[in-house]
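If you want the building blocks of each chain, they are given just below.
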Amino acid sequence: MSCLVCREHRETTGVACAECLEELAPTIAITPEQISVRGVHPTPAALVDPWGRLHRLHRRTMIGREHEDEGLRILDATISRRHAVLELRGDTWTLKDLGSSNGTYVEDCSFGTVMPIRDGERIRFGSLAFFFLDDVGAAPQVDASLDGFTVRGPVVEKTKDLPRLDVKDITVELREPTGGGGGVGIIDGKPVQLTLPQFELVSILYQRARVGSEHESIRGFVHPTELIRSLSLESAVPSEDHVRQLVRRLRRVLFKAGIENVIESRYGAGYRLRLRTM
């Protein structure tokens, strides 16, 4: 099945692939049984935990160590009794910290009072992180009694070799407005509005795909360390984690535009566009 977070066709643990779950790897000793959801009227939205399980959200979902409301209970010392609340306001999901001791973060950034949440963003309560998905459709909720987990997260087995995807010839055209700040990518004939870092990433990968490499096995790949030097990342001290977050967001933007499996990743090599060039 496809990973529900990055939408790539990969071997998954629960509903997410190993690459995405790596971003949620716990830094504390915790088991899946310490996280549970309560309530009887869920929405299509959900949180994905470090074990690839879905936790369906209600229109107002309380997050905390001890509470009586519909919501997500996390039995861990870094979680306050009433830590935060996720709420659907109109068509927008919002996140509010309730004065927790260890904070609530979106993509590792703190915020003021109420924060709008976007599909695919990484949310952290205390020391435990989740991915937020605004519509998981009919995806099943994975049972908490899954085998193969340690107290620090999922056991990540070596990724199995998957059937090679047919790569079709696609066109990539990038249009950058005079004022900068992003642009439009026309990929496979479909226009996609891109932020500045997303626009830069597609441009770099496309140029590398055209130039190629003398080594066929790494042809077109760009290593994260090179991307860190070239991208306008939203951090004073950018890291490979920031590059992974950017790639994940870009994949979901492309998926929503009907463009799938264009960005390929390979451990030790980096990322490349999955396309043929003349």
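Residues numbered from 1 in each chain as written. Predicted model: local features only at pLDDT ≥ 70, side-chain atom pairs only at ≥ 80, totals over all residues. Heavy atoms only, no water.

*Asks:* Would you mind going over the overall build of the protein in detail, with residue names and values included?
*Replies:* Tallying secondary structure elements over the protein gives 4 helices and 20 strands in all. Here the protein holds 278 residues, and 46% of them are scored as buried. A separation threshold of at least 6 residues defines the contact pool for the protein, and within that pool the share at least 24 residues apart is 53%. Summed over its atoms, the accessible surface of the protein is roughly 14200 Å², and 49% of this surface lies on carbon and sulfur atoms. (Helix = DSSP H or I, 4+ residues; strand = E, 2+ residues; numbered from the N terminus. Buried < 20%, exposed > 50% of the residue type's maximum accessible area, 1.4 Å probe, protein only. Contact = heavy atoms within 4.5 Å. Areas by Shrake-Rupley, 256 points an atom, 1.4 Å probe, with all protein chains shown as cover.)

*Asks:* Report on the sheet that holds strand E12 (residues 122-125), specifying residues and quantitative values.
*Replies:* If you walk across this open sheet you meet the 5 strands as E5-E4-E13-E12-E10, and the pairing is antiparallel. Edge strands, defined here as strands with exactly one partner in the open sheet, are strand E5 (54-56) and strand E10 (104-106). Here the strands of the sheet are splayed against their neighbours by 30 degrees on average, with no regard to which way each runs. Bridge analysis of strand E4 (residues 46-48) against E5 gives 3 bridges, and the strand direction is antiparallel. Within E5, the residue paired with Val48 across the bridge is Leu54. (Pairing = 2+ DSSP bridges. Axes fitted to C-alpha atoms, helices over the stretch in contact; angles between N-to-C directions.)

*Asks:* For helix H4 (residues 240-256), give the residues involved together with the corresponding values.
*Replies:* Taking 1.5 Å of rise per residue, the 17 residues of H4 would be expected to cover 24 Å, and the 25 Å separating its terminal C-alpha atoms lies within 8% of that figure. All buried positions along H4 are accounted for by Val243, Arg244, Gln245, Leu246, Val247, Arg248, Leu250, Arg251, Arg252 and Leu254. (Expected span 1.5 Å × (residues − 1).)

*Asks:* Talk me through the nonpolar core; I want residue IDs and the actual numbers.
*Replies:* In terms of nonpolar packing, the biggest core is built from 25 residues, with Leu201 and Ile263 touching the most fellow members. Considering every element that reaches this core, the biggest residue donor is helix H2 (residues 196-211), with 6 residues. Setting aside residues up to four positions removed in sequence, Leu201 forms contacts with Leu227, Leu231, Leu246, Val247 and Leu250. Counting residues in hydrophobic clusters, the runner-up holds 24 residues, among them Ile35, Ala45, Leu72 and Ala84. (Core = buried A, V, L, I, M, F, W, Y, C linked by side-chain atoms within 4.5 Å.)

*Asks:* Give a description of the confidence of the model for the protein that names residues and reports values.
*Replies:* Low-pLDDT portions of the prediction should not be read for the details of their coordinates. Counting all residues, the mean pLDDT for the protein is 83, and 83% of those residues have values of 70 or more. This stretch, residues 143-167, has a pLDDT under 50; its non-local contacts, to residues over four places away or in other chains, come to 42 contacts. (pLDDT = per-residue confidence, 0-100.)

*Asks:* So, the pattern of salt bridges: which residues are in play, and what are the values?
*Replies:* Tallying each qualifying case throughout the model produces 20 salt bridges. Across the pair Arg252 and Asp119 runs a salt bridge, and its minimum N-O distance is 2.3 Å. Of this pair, Arg252 sits in helix H4 while Asp119 sits in the loop between strand E11 (114-117) and E12, and the two are 133 residues apart along the sequence. Each member of the pair, Arg252 together with Asp119, is buried. (Salt bridge = Lys/Arg side-chain N within 4 Å of Asp/Glu carboxyl O.)

*Asks:* Provide a residue-level description of the environment of Ser232, including the pertinent values.
*Replies:* Within the secondary structure, Ser232 sits in the loop between helix H3 (224-230) and H4. The sequence separation of Ser232 and Phe199 amounts to 33 residues, and the corresponding C-alpha distance is 10.0 Å.

*Asks:* How would you sum up unusual backbone geometry? Please name residues and give values.
*Replies:* Even without glycine at this site, Asp108 takes up a positive phi of about 65 degrees. If you trace the backbone, Asp108 turns up in the loop between E10 and E11. Here Asp108 falls in the partly exposed class, since its relative accessible area comes to 39%. Although it is not a glycine, Asp188 adopts a positive phi angle of roughly 55 degrees. Note that Asp188 resides in the loop between strand E17 (183-187) and strand E18 (190-194).

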